[in-house]
Structures are given as structure tokens and as C-alpha cells.
Amino acid sequence: MQAWGIIAAVLADSDPAGAAIRQRLSDSLAENPGVPERALLEYLLDRRQQDGADGGTHDAARAPQPLNAMPPLLAERLDSLRSLSRISALLENQMLMTAFQPIYGLESRRVVGVEALSRFVSDDGAGAELWFAEAAAVGLGANLEFSALASAAAVAATLPQHLYVALNISPKSCLDPRLPELFDHIELPISRIVLELTEGIPDEEYSHFVSAITPLRERGLRIAIDDSHPNAGTLSRMLHLRPDFIKLGRNTISGVDLDPSQHALASCLVDFAEQTGTVLVAEGVETPEELRVLTELGFSAGQGYLLGRPSVRPKDWAAWNTPLDPEGLRRISAEDGHAAEDRQTTQDRHASHGSSGSDRH
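Structural notes, computed from the coordinates. In this text the structure is predicted, and so the values were computed from the model without any measurement. (Residues numbered from 1 in each chain as written. Predicted model: local features only at pLDDT ≥ 70, side-chain atom pairs only at ≥ 80, totals over all residues. Heavy atoms only, no water.)

### Quick look at the overall build of the chain
What the chain contains, in helices and strands, is 15 helices and 8 strands. Expressed as a percentage of contacts within the chain between residues at least 6 apart in sequence, the contacts between residues at least 24 apart total 65%. (Helix = DSSP H or I, 4+ residues; strand = E, 2+ residues; numbered from the N terminus. Contact = heavy atoms within 4.5 Å.)

Right under this line is the structure:
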């Protein structure tokens, strides 16, 4: 009903400049009378292309009706269709890249795996989280996740074969029947893939999740729980799910070298991982002191800016094959600290003159 309302307003427009795309809208409606959303989406894409060809300038008579002048439900629906148009264009044009961040084995002091992170090519500079959230809001969340997974797997096929590749995915997308088909059409062996869950699994979907993922795990797929929180419910679920990896973030890692409580918690989690046969990965490692304590406690692996930042450049990936040098890390950390102090001093100097600056990462 909302789509038909917008279409009626569009077709009532008498501007001759848009006659051709309005005629295509009418033709599309005649061909697909039961799906006005599809016809409206095609119209919006046509309109965007025409706007681009015209340089994006329109006089007041040709300007589209502002959202606040429409009934709320129609404005909401049109906004949703615009998001659908944006995500569809992104998927069609494959406007995303893959960055890899190294994961170091703390005992071997070598890279044992990488985490794949999506980087989007967009004019507005929106971060990956916003793109995935927008896609999920219009029902294309799984499509975008699968596109990101396929892109990452294609690039990861060129990495050294001993490295595993952690691919982020929501539990909801794991229930999509297209997921097994994806693994049948990528070159990266399933035994090198770790699916890193980006969210908790809702209670009502837990049994469905286990049923969907078990056949893939039997083929060699591994599972990682990201940023687990050590409460009783989570630990009980981990015992049943038996993840291959548990990744702990800054909420647990920060201050592990200084705070006795954080140190004790990390030690308990190491014992838990050892007794359940799980690989324990420390995310967000930022200082040599944290790295030293985590290694002494028995963490299996570490990941963070100290060990390597995400990169889209193959020459950076090649450099990760060198062993860890603790003394070198200390020097790098010290240099970063001095650089941060210099940046802060510069910002303070600008502020004293009525201006301010900020770093963009």
C-alpha cells in the first residue's frame, strides 16, 4: 500500500524531463503487477542515474518531494527503498575490499591466522558497521555478509596455506540455506575457514543454529566466539557449543599486566580453554607488557595494533611471516608513545591559538 502511494505520486508528476523513466515505471508495473516495490526500486535507480547524468542539479519545480512533506509511513517506506537501492548498487558493483589483520601464535611467535575485515568504497565514508546495519534493516544483511565472505575468501586464497582465515558472520546468516552453497563455490578450503560470530545467539534460535552449523563443522569448518563475556549463561552455552576459538577483547585484556582482578580472570579463562580444548585468542593487544603477561599466562594467540594493524596491501601480508621480536615491539611501542605525545602537544598548541585538530584512523 505504501509503495503504491509513492508510485501514484510519481506518476502524477507532469515534468517532461522525467517522462521516460515514468513510462518505464508504468511498463514495469504492467509486467510485475504484484510487486510494486520492485518497480519502484527500478524507478529510483533510474532516477539516480538521471540525476548523475544531469550533474545532480534540479530546479525547484523538479526537486523531489521532501520526506517531511509526506505522510510518516510513506516517508519511512521511501527511506527504506533508498537504502535498498544503495545496498543493491553496492552488491552489484562489488564496492568492497578486504583488509587482513594478523593473529600471532604466542608460543611460536609467528602468524598463525588472519581476520578478514571489510572495507567499503563509498562516497560518504561510512564505516563497515553502518553498511552491515543498513543492509540488515532492509533484509539484505545475509546478502552483504555472503558477498564480503566470498570476496575475503578469494583474496585469502593467495595467503600462505598454513594460515587460517577468520570471517565475521552473524548467527542469523548462519541459518541461511545459501551458506553451505557458498563454501562449495569458493577456492579457500573449508578447513582453513573460521566463522567468527559477531553477535550472541538468541535462545529461540540456538537449536536451529546448532543444526545448521554442525554439518559444516563435520566438513572441517571451525567456529569462534568473539568478545565472550564470562557470565554463567555464556560459559554454559560455550560448553555445549564447543567453539574452536574464544576471542577476548579489551574489556578483559586491558590492564591484565597491572590489575590483579583482570590478571586472575584471564588466568581462569586460560584454564577453562585448556580443559575444553579451545584456542584462546587475546584481541586488542596494545602494549609489550600486556603481550608478556598474556604469553606467561598461556594464551594461545594474540591480535592487536601492537602485533599488526589491518591492511589491504599484499606487501604487508608478506611481512607477517617474520617471527615476533619482543625487543622490537618495545621499541615500536615507545616510538608510538612519543609520536602520540608529539601529536597531543601539537593539538594543545593549536588549541591555544583558537583551533584544534584530531587524528583520523
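### Remarks on unusual backbone geometry
Even without being a glycine, arginine 109 presents a positive backbone phi close to 60°. Following the sequence through the fold, arginine 109 ends up in the loop between β1 (96-105) and β2 (110-120). Although it is not a glycine, arginine 242 adopts a positive phi angle of roughly 55°. Positionally, arginine 242 belongs in the loop between α10 (232-241) and β6 (245-248).

### Some thoughts on the nonpolar core
Phe100, Leu179, Phe183, Leu195, Leu221 and Phe299 are the most contacted members of the largest nonpolar core, which totals 57 residues. In this structure leucine 195 touches Leu149, Leu167, Ile169, Cys174, Leu179, Phe183, Ile213, Leu221, Arg222, Ile223 and Ala224, once residues within four positions along its chain are discounted. Counting residues in each nonpolar core, the second largest holds 23 residues, with Ala39, Leu40, Val138 and Leu144 among its members. (Core = buried A, V, L, I, M, F, W, Y, C linked by side-chain atoms within 4.5 Å. Buried < 20%, exposed > 50% of the residue type's maximum accessible area, 1.4 Å probe, protein only.)

### Brief notes about the pairing of β1
For β1, a buried count of 9 out of 10 residues is recorded, marking the element as mostly surrounded by other parts of the structure. As paired strands, β1 and β2 are joined by 10 bridges and run antiparallel to one another. Bridged to proline 102 within β2 is valine 114. Taken together, β1 and the strand that follows it, β2, pair antiparallel across an intervening segment of 4 residues, in which arginine 109 is found at a positive phi of about 60°. (Pairing = 2+ DSSP bridges.)

### A few points about the pattern of salt bridges
It is possible for side chains bearing opposite charge to pair when their charged atoms get close. The final tally for this structure, using the stated rule, is 10 salt bridges. In this structure, glutamate 115 and lysine 247 form a salt bridge, with 3.2 Å as the shortest nitrogen-oxygen distance. With glutamate 115 in strand β2 and lysine 247 in strand β6, this residue pair connects regions lying 132 residues apart in the sequence. What makes glutamate 115 buried here is its relative accessible area of 6%. On the basis of relative accessible area, lysine 247 is assigned to the buried category, the value being 2%. The residue lysine 247 makes a salt bridge to glutamate 283 at a minimum N-O spacing of 3.3 Å. Placement of lysine 247 in strand β6 and of glutamate 283 in the loop between β7 (279-282) and α13 (288-297) is noted, with a sequence separation of 36 residues between them. Within this structure, Glu115, Glu196, Lys247 and Glu283 form a network of salt bridges that share partners. (Salt bridge = Lys/Arg side-chain N within 4 Å of Asp/Glu carboxyl O.)

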